[in-house]
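# Tertiary structure, described
Now for the letters of each chain:
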Protein chains: 2
Amino acid sequence: MSDHETPMVNGVVEHKIGEEVLPFVEDEYGGVIVEMTTPTYPKCFVATLRYSFTQWRSQGKKGVWLNLPLSQVNLVEPAVKEGFRYHHAEPTYLMLVYWIPESESTIPLNASHRVRVGAVVLNHNKEILVVQEKYGLLRGSGVWKIPTGVVDEGEDIFAAAIREVKEETGIDTEFLEVLAFCQTHESFFVKSDLFFICLLRPTSFDIQKQDLEIEAAQWMPFEDSASQPITHKNELFKVIHRICSLKMEKNYTGFSKKPTTTFFDDKLGYLYLNKQDMNNLIT
Amino acid sequence: MSDHETPMVNGVVEHKIGEEVLPFVEDEYGGVIVEMTTPTYPKCFVATLRYSFTQWRSQGKKGVWLNLPLSQVNLVEPAVKEGFRYHHAEPTYLMLVYWIPESESTIPLNASHRVRVGAVVLNHNKEILVVQEKYGLLRGSGVWKIPTGVVDEGEDIFAAAIREVKEETGIDTEFLEVLAFCQTHESFFVKSDLFFICLLRPTSFDIQKQDLEIEAAQWMPFEDSASQPITHKNELFKVIHRICSLKMEKNYTGFSKKPTTTFFDDKLGYLYLNKQDMNNLIT
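Report follows, based on the coordinates. None of the values given here were measured: they were computed from a predicted structure.

### What to know about the pairing of strand β9 (residues 127–133) of chain B
All names here are of chain B.
- Most of β9 is tucked away: six of the seven residues are buried.
- For β9 and strand β13 (residues 214–221), the ladder comprises seven bridges, and the chain directions are antiparallel. In the sheet register, Ile 128 faces β13, and the bridge partner there is Met 220.

Set out below in structure tokens:
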């Protein structure tokens, strides 16, 4: 159905009730995806939706995805009343879903994890780059910690580590390895958290701290950072400092990055693996 | 404000318009979190919301989180018309957000990643556990692949790998290591994908395949799996088989798991790190 075939009343689509199926595309799992891009009256929407369901049921369709842009917020309540449930939301749209079959739903779960990075940056004087934060759980505690931050949507882990260090301290870096990662749950509402501890090599040394979130930043003698009380109390601080000690003596191997392409569409991704052990095989 | 102080009309809360602030709790970042648990008329909601904003503005509040359970779907449209934007949604609620200050929003991003696992299960006969899937991109292709699946909300990576193997093939396993992981983008709507390749040790050997999603399952001689055409064409298949080859000769170290506790609330999490290199330090 293209727009010019649809009767418009004051710029709002008036579907011929009971005769039309909502515009949809099929997915790879026997389902349909509907994106409501045109302003529609709730009454027309519900009638067309009900007719669509009679068609989809008879065709054996399974999941029905309904994408409602923010501008179509007037259709959220009618959709829920017709039996749709929320699946996920982004600032500009809400995705709802309806499972047609009697069998158990195989609708994939919503994105479940927030991803964060912590950046270990060591210089040649055995100093580590650390900050004090203005907000969050450590504010006002006097604790010096490595720069950390949330990975943006669509951002690579290694790129996020480089960006966070630059933003918080002004230091330029190169990514070397993921040293370790940590998974915890219910850290951000119901979402889980994956925290990747990355090792970076500094390529500049003059600190210019960011004012919005950072109280202070410095190159701190590694031993001073390791001897902070929190390093003994907190498992994560302890492990980071132990790995750093091993790393400075070249006795620890993390995961390096290797560009790769995704399955069928040749999009670029990154593999993280023990490249040192792979060296004889991967060129 | 507790419920018994609130006048009720037919079970719906009638706020004293313009005199009450919506019930809220403060977050750690100068914001407020409102959860609308009681049925409310849109008109009352909007009036109380507007009055609340005058209070929150004068108190210098920043982000306003608005949690609307599915049963309060009638408040979604009024909230959006008052300037709220979607933040995230789960099947039973929609979270909206409003940033009060003139300065740039520091509202944290929504969960950005879906997490998947792939399970490498090798037996003592140099055979690898593989399946053919009924759905998805490889259906009907004749390709034998390792069991894979999505990590459930709140589920540990290692537990998800064990569960997926059990569900798809009936085989019991123990988790050994994360061999590598892969990050790709826009793999599930706008969300990114983190795929953890796990090595598991089988503790049972009789295959009982699941019928819903699995076409076939078998223990396949590793060399036969490695010589499938897709292993040469697809980077991820290639890397998995190369790591397996090294692993069978004990020449590859991945990340093992180590229980840990989170920062301040002592919740259990898991660290994944090169335990072999850490052996002298972590007990």
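Now that the structure has been shown, we can carry on.
### Here's the deal with the relation of the copies chain B and chain A
- When chain B is brought onto chain A, the operation consists of a screw motion whose angular component is 180° and whose axial shift is 0.0 Å, with 0.1 Å RMSD remaining. Classification of the inter-copy transformation places it as that of a two-fold axis.

### Structural notes on the interface of chain B and chain A
- On the side of chain A, 91 residues touch chain B, which itself brings 91 residues to the contact.
- Across the chain B-chain A interface, the total number found is six salt bridges.
- Close ionic contact of Glu153(A) with Lys191(B) constitutes a salt bridge, the shortest N to O distance being 3.3 Å.
- The interface formed by chain B and chain A contains 27 residue pairs in polar contact (both at pLDDT 80 or more).
- The leading source of residues in the side of chain B that touches chain A is strand β11 (residues 173–188) of chain B, at ten residues.

### Topic: the sheet that holds strand β4 (residues 32–35) of chain B
Residue and element names in this part refer to chain B.
- Here five strands make up an open sheet; going across it, the order is β3-β4-β5-β7-β6 and the pairing mixed. Looking along the sheet, the strands with just one partner apiece sit at the ends: β3 (24–26) and β6 (85–90). Taken pair by pair, the neighbouring strands of this sheet meet at an average axis angle of 20°, ignoring direction.
- Two elements, strand β5 (residues 63–69) and strand β7 (residues 93–99), share seven bridges in a ladder whose sense is antiparallel.

### Topic: the environment of Ile240(A)
Residues and elements named next belong to chain A.
- Here Ile 240 lies in helix α6 (residues 235–248).
- Expressed as a C-alpha distance, the spacing of Ile 240 and Ile 146, which sit 94 residues apart in the sequence, is 9.6 Å.
- Look past the residues within four positions of Ile 240 in its chain and what remains in contact with it is Val 120, Ile 146 and Ile 197.

Analysis parameters
Chains are numbered independently. Their residues run from 1 in the order of the written sequence. Whichever chain is written first becomes A and whichever ligand is written first becomes 1, with later ones labelled in order. Local features in this predicted model are restricted to residues whose pLDDT is 70 or higher, and side-chain atom pairs enter the listing and the counts only when it is 80 or higher, whereas totals over whole chains, interfaces and linings include all residues. The basis for the side-chain values is all heavy atoms of the structure; hydrogens and waters are excluded. Exposed residues in this analysis have more than 50% of their type's maximum accessible area, buried residues have under 20%, and partly exposed residues fall in between, with area computed by a 1.4 Å probe over protein chains only. Secondary structure follows DSSP: runs of H or I at least 4 residues long count as helices, runs of E at least 2 residues long count as strands, and numbering of each begins at the N terminus. Between any two strands, at least two bridges found by DSSP are needed for them to pair. Copy-to-copy alignment: least squares on C-alpha atoms, limited to residues at pLDDT 70 or above in both. Contacts between residues were defined by any pair of non-hydrogen atoms, one from each residue, lying within 4.5 Å. One side-chain nitrogen of Lys or Arg within 4 Å of one carboxyl oxygen of Asp or Glu is enough to make a salt bridge. Any pair of N or O atoms that falls within 3.5 Å is considered a polar contact. Within protein, one atom must be able to donate a hydrogen and the other to accept it, and sequence-neighbouring residues count only if both atoms are side-chain atoms. Every angle, taken between N-to-C directions, lies between 0 and 180 degrees, and every axis is a line fitted to C-alpha atoms, over only the stretch in contact when it is a helix.

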